[in-house]
Amino acid sequence: MQKPKIVTKLPGPKAQKLLRKDKKFISPSYTRSYPAVIERGQGCWVWDVDGNKFLDFNAGIAVCSTGHCHHEVVKAIQKQAETLIHMSGTDYYYPLQTELAEKLAEITPGGMNKRAFFCNSGAESVEGAFKLARYMTKRQYAIAFWGAFHGRTMGALSLTGSKVTQRQGFGPLIAGVHHVPYAYCYRCAYNLEYPGCDFACIKHIEDTLFKKTVPPEEVCGIFIEPIQGEGGYVIPPKGYFKRLKALCDKYGILLIADEVQSGMGRSGKMFAMEHYDAMADIYCVAKGIASGMPIGAFVASAGLMSWPSGAHASTFGGNPVCCASAMATIKLLENGLIDNANKVGAVIMKRLETIQAKYPFIGDVRGKGLMIGMELVEDSITKKSIPEKRNSIVFKCFEKGLLMQGCGNSSIRFSPPLVVTQEEAHTALDIFESVLKSF
Ligand SMILES: Cc1ncc(COP(=O)(O)O)c(C=O)c1O
């Protein structure tokens, strides 16, 4: 059975040398929470430059869906790199880009009559979806949610409502974006309980926003993560999206699902929207789609994506090597990895619930598939966030060879590669619990 192996003090000597150079040459705006200097990876395991071996329960921020360097993905990348690396889908055609668009039409909910636009990142997919929504509706306003993270380019950043540091100093942002409370039932903005609340957070949009400040006829889209990722792995209750989509349809507003983190099998379905009985008008994807190769896309019905030539394009978007990696990734997801996300996700959830019962500072455990969050609080009455303690727990996990990341104010996310085995999950949870015991 594989176990993490820490053979030096962390960071080790080679890592320390690299960290000094990094400090000199890399932008300090990055958000590194511990000094992991990684050299290679295989499956759920990564090794740092000093030979320390870590169990990766974050998958490069929910990206390496098929694990690190899956041989099928590596083979597809190598083969494509020997054949054609770049041509630019903006001005030329090549089979792989069209094939991937057809595949995305097939796997996104809502039938085959769809089109895809390819870009290079999650932020770009949201940015493009925002442009498409404005262009096609000829409406200027947009609605997004507190806690949402949609990326850091100007349009995506304007929709982001996660942390003020992400926006501070960058204004004025895109005008006309209005933020409203997300369906964060553990911390309901209205102090109500589901289902008695009757979706007060959706009613607020119609009864307050649309009556006081934002004419609904001028709203192009509601942008939403089906499960909030960076905001704390927050899962809206059953029925939420049906109600939200009904509101959108009533006023001709597009529902734009940002599945950048929740998509590509992570939630136990190809897209997290499939957990709800509602469909989005536009799906944004990136992260897990190509196991670490940089590609994003947004997908909409052919009728909606009917803007003219020149309205939007990207030199690198849908690069052949990235498309090859995405095709190999999707095949692996369809042929067992989504099932595995459900199976191992259930094992992790069950064990986390047992752990929760033992530690009063664990306020909430929530998850779907391998998108699992644990919210830490001072106590269950005040529910006061304890970000310092959360950060210390994440750091101690690192010191014991387990790579975790926080999310939200005070939560920890469990987002391993979808190839994770039950055995690896128990190894991670043994380490995690040994860390909790020391607090
Ligand atoms: C839901 C969501 N949307 C968009 C983004 C931005 O993606 P990227 O960092 O690739 O631009 C992220 C990144 O964390 C995300 O989680």
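Given the structure is predicted, the values throughout are model-derived calculations rather than measurements. Residue indices follow the written sequence of each chain, beginning from 1 at its first position. At least 70 in pLDDT is required for a residue's local features to be given in this predicted model, at least 80 for side-chain atom pairs to be given and counted, and no such filter applies to totals for whole chains, interfaces and linings, which use all residues.

## Comments concerning the overall build of the chain
Per the convention used, a helix needs a DSSP run of H or I reaching at least four residues, while a strand needs a run of E reaching at least two, with both numbered from the N terminus. Tallying secondary structure elements over the chain gives 11 helices and 15 strands in all. At 21 Å, the chain has a C-alpha radius of gyration in line with the 22 Å of a compact globule built from 439 residues. Dimensions of the chain, computed from C-alpha atoms along their principal axes, come out at roughly 60 × 60 × 45 Å. Counting the 439 residues in the chain, one finds 48% classified as buried. Placing C-beta atoms from the backbone, we regard two residues as in contact once those atoms come within 7 Å. Long-range contacts, defined as pairs at least 24 residues apart, comprise 74% of the intrachain contacts of the chain with a sequence gap of at least 6. Based on C-alpha atoms, the radius of gyration is set beside the globule rule, defined as 2.2 Å times the residue count to the power 0.38. A residue is called partly exposed when the number of other C-beta atoms within 10 Å of its own lies between 12 and 20, exposed at 12 or fewer, and buried at 20 or more, with C-beta atoms placed from the backbone.

## Thoughts on helix 3 (residues 71-83)
Expected span of a helix, by definition, is 1.5 Å for each gap between consecutive residues, and there is one gap fewer than residues. For helix 3, spanning 13 residues, the distance from its first C-alpha to its last is 18 Å, which sits close to the expected 18 Å at 1.5 Å a residue. Burial in helix 3 covers these residues: Val-73, Ala-76, Ile-77 and Gln-80. Mapping the buried residues of helix 3 onto a view down its axis gives an arc of 95°, with all of them on the same face. Exposed and oriented more than 90 degrees from the buried face of helix 3 are His-71, Lys-75, Gln-78, Lys-79 and Glu-82. Looking at the packing, one finds that the buried side of helix 3 touches helix 9 (320-358). Within this analysis, the arc is defined by the directions that extend from the helix axis to the C-beta atoms.

## Some words on the domain arrangement of the chain
The domains assigned to the chain are domain 1 (35-45 + 61-68 + 338-437) and domain 2 (72-332). Residue-level contacts link 28 residues of domain 1 with 27 residues of domain 2. Only helix 9, strand 11 (362-368), strand 12 (371-376) and strand 15 (411-414) provide two or more residues apiece to the side of domain 1 that touches domain 2. Considering each element in turn, the side of domain 1 that touches domain 2 owes the most residues, five residues, to strand 11. Domain boundaries shown here were taken from an automatic or database domain assignment.

## A look at the sheet that holds strand 15
A pair of strands is treated as paired once DSSP finds two or more bridges between them. The four strands lie next to each other as 11-12-15-14, forming an open sheet whose pairing is antiparallel. Only two strands of the sheet have a single partner each, and these edge strands are strand 11 and strand 14 (405-407). Between one strand and the next, the sheet's axes are offset by a mean angle of 30°, whatever the strand orientation. Bridging between strand 11 and strand 12 involves six bridges; their strand directions are antiparallel. Bridging from a neighbouring strand, Asp-364 pairs with Glu-375 of strand 12. Axis lines are fitted through C-alpha atoms, for helices just across the contact stretch, and the angle between N-to-C directions can take any value from 0 to 180 degrees. Those strands touched by helix 9 are strand 11, strand 12 and strand 15, and its axis lies near 170° from that of strand 11.

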